[in-house]
There are 2 protein chains.
Amino acid sequence: MPSTSDYEQLLRTVALRVTRPRVAVLRAVYARPHADTDSIIATVRAEAGDHAGRVSHQAVYDVLRALTAAGLVRRIQPAGSVARYESRTGDNHHHVVCRTCGTIADVDCAVGDTPCLVASDDRGFEIDEAEVVYWGLCPDCSTQPDRTARQELDRRV
Amino acid sequence: MPSTSDYEQLLRTVALRVTRPRVAVLRAVYARPHADTDSIIATVRAEAGDHAGRVSHQAVYDVLRALTAAGLVRRIQPAGSVARYESRTGDNHHHVVCRTCGTIADVDCAVGDTPCLVASDDRGFEIDEAEVVYWGLCPDCSTQPDRTARQELDRRV
DNA sequence: GCCTAACCTTGATTCATTCAAGATATTGGG
DNA sequence: CCCAATATCTTGAATGAATCAAGGTTAGGC
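Residues numbered from 1 in each chain as written. Chains lettered and ligands numbered in written order. Predicted model: local features only at pLDDT ≥ 70, side-chain atom pairs only at ≥ 80, totals over all residues.

1. Things to note about the overall build of chain A
Here is the rule: Every helix listed is a DSSP run of H or I at least four residues long, and every strand listed is a run of E at least two residues long, numbered separately from the N terminus. Field definition: a residue is buried when 20 or more other C-beta atoms are found within 10 Å of its C-beta, exposed when 12 or fewer are, and partly exposed for counts in between, with C-beta atoms placed from the backbone. Contact definition: two residues whose C-beta atoms, as placed from backbone geometry, lie within 7 Å.
Scanning chain A from N- to C-terminus turns up six helices and six strands. Within chain A, buried positions represent 29% of all 157 residues. By sequence separation, contacts in chain A at least 24 residues apart represent 45% of the contacts at least 6 residues apart.

Next comes the structure, spelled out in structure tokens:
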């Protein structure tokens, strides 16, 4: 578990200013991989405990954008989902997404290293990344097929 | 180019009622692969020429949902994009998406047939589909790097 | 310690998509 | 051929993630 100064270090290496919202968002993304923006906002505010000042939702959006642009976090967004963020970057891993409850799990590269896939015909595009999303049912949902996504979410809270 | 009765046939094979909005939407999806909902609405209304009655936006959303559920069309939604639809289904082909202008092109399966990829570790999920999105620059954007997405869109209209 | 660009806050706005309620039309059976 | 049953469509409002805008605050180089 990285410490606050580790996060400060990370920010400095990519020439981003060290601010409370940024460290808090980094910590949240490391703590809860694949969290969406709302969850990150909640985590940030819960940890701050309101005693260290508020963090606006706009700040979180801005920070996530800056961190993503800097390569410190990776933004993922499976079809039908809101944006989610994770701290594993640069290793070209992929994701399994549950069709029922939306849970996301990491999957290491299917074939080899970055880029692990080559298009059969690139249509003249300059391809720089191959993203794979596996769709299916998570262990919970495959054994309890009639639980709704909403119920699933409630169960987790 | 399929005829109207071909589309009617398609609808009947999946036990969907044949209605004017459904035939019009099917025609639009076949005519303009990867179109988003707004474009489909525009196409439907342009072809109808207003002389055959209006088609509400809600009807198009409903129809696209029904057609997708029936497997007649496929819904795709690369990160950061609105939903798009195509008529090629069941062949497990993939897509290249331009990071600059958002253009999408089809790419045949890199490895084999459905499913063309196997996760290195399925994390206990029951996987039924492997979706691949290649990211890069389309031929136009790679040679004109400073054209914005908006300008690109304008150019096409 | 000061300055300035970078950053954050507050509050409003956008827009794809969905929800709701009631009208209309398709289709199988009489 | 007509009718009932219900699937589908229309109209109009609502939702909610994400963005925009304007102004105040702060980190970090000098």
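2. Things to note about the interface of chain B and chain A
Put simply, the rule is: Charged residues are taken to be Asp, Glu, Lys and Arg, nonpolar residues to be Ala, Val, Leu, Ile, Met, Phe, Trp, Tyr, Cys and Pro, and polar residues to be all remaining types, Gly included. For two strands to be treated as a pair, DSSP must find no fewer than two bridges joining them.
Tallying the contact residues gives 33 residues for chain B and 35 residues for chain A. Within the residue set of the side of chain B that touches chain A, elements represented by two or more residues are strand 4 (94-98), strand 5 (104-107), strand 6 (126-137) and helix 5 (139-143) of chain B. Of the residues assigned to the side of chain B that touches chain A, the class counts are 19 nonpolar, six polar and eight charged. Summarising the sheet, strand 6 (residues 126-137) of chain A and strand 6 of chain B pair through 11 bridges and their orientation is antiparallel. Across the sheet, Tyr134 of chain A pairs through a bridge with Ala130 of chain B, a residue of strand 6 of chain B.

3. Comments concerning the protein's contact with DNA strand D
Stated formally: Any residue qualifies as near a molecule or strand once its backbone-derived C-beta atom lies within 6 Å of it.
Contacts to DNA strand D come from 22 residues, most closely from Ala83 of chain A together with Thr19, Ser56, Gln58 and Ala59 of chain B. Looking at the surface near DNA strand D, the elements that each hand over two or more residues are helix 3 (37-48) and helix 4 (57-70) of chain A together with helix 2 (20-31) and helix 4 (57-70) of chain B. Considering each element in turn, the surface near DNA strand D owes the most residues, five residues, to helix 4 of chain B. Residue classes in the surface near DNA strand D are distributed as 10 nonpolar, six polar and six charged.

4. Concerning the sheet that holds strand 1 (residues 35-36) of chain B
All names here are of chain B. The strand order across the open sheet built from three strands is 1-3-2, with neighbouring strands paired in antiparallel fashion. The sheet is open, and its two edges are formed by strand 1 and strand 2 (74-76), each paired on a single side. Pairing geometry for strand 1 and strand 3 (residues 84-86), over two bridges, is antiparallel. Its bridge partner being in strand 3, Ala35 is matched across the sheet by Tyr85.

5. Section: the protein's contact with DNA strand C
Surveying the vicinity of DNA strand C reveals 22 residues, the closest of which are Thr19, Ser56, Gln58 and Ala59 of chain A together with Ala83 of chain B. Elements supplying a minimum of two residues to the surface near DNA strand C: helix 2 (20-31) and helix 4 of chain A together with helix 3 (37-48) and helix 4 of chain B. Sorting elements by how many residues they give to the surface near DNA strand C places helix 4 of chain A first, with five residues. Partitioning the surface near DNA strand C into residue classes produces 10 nonpolar, six polar and six charged.

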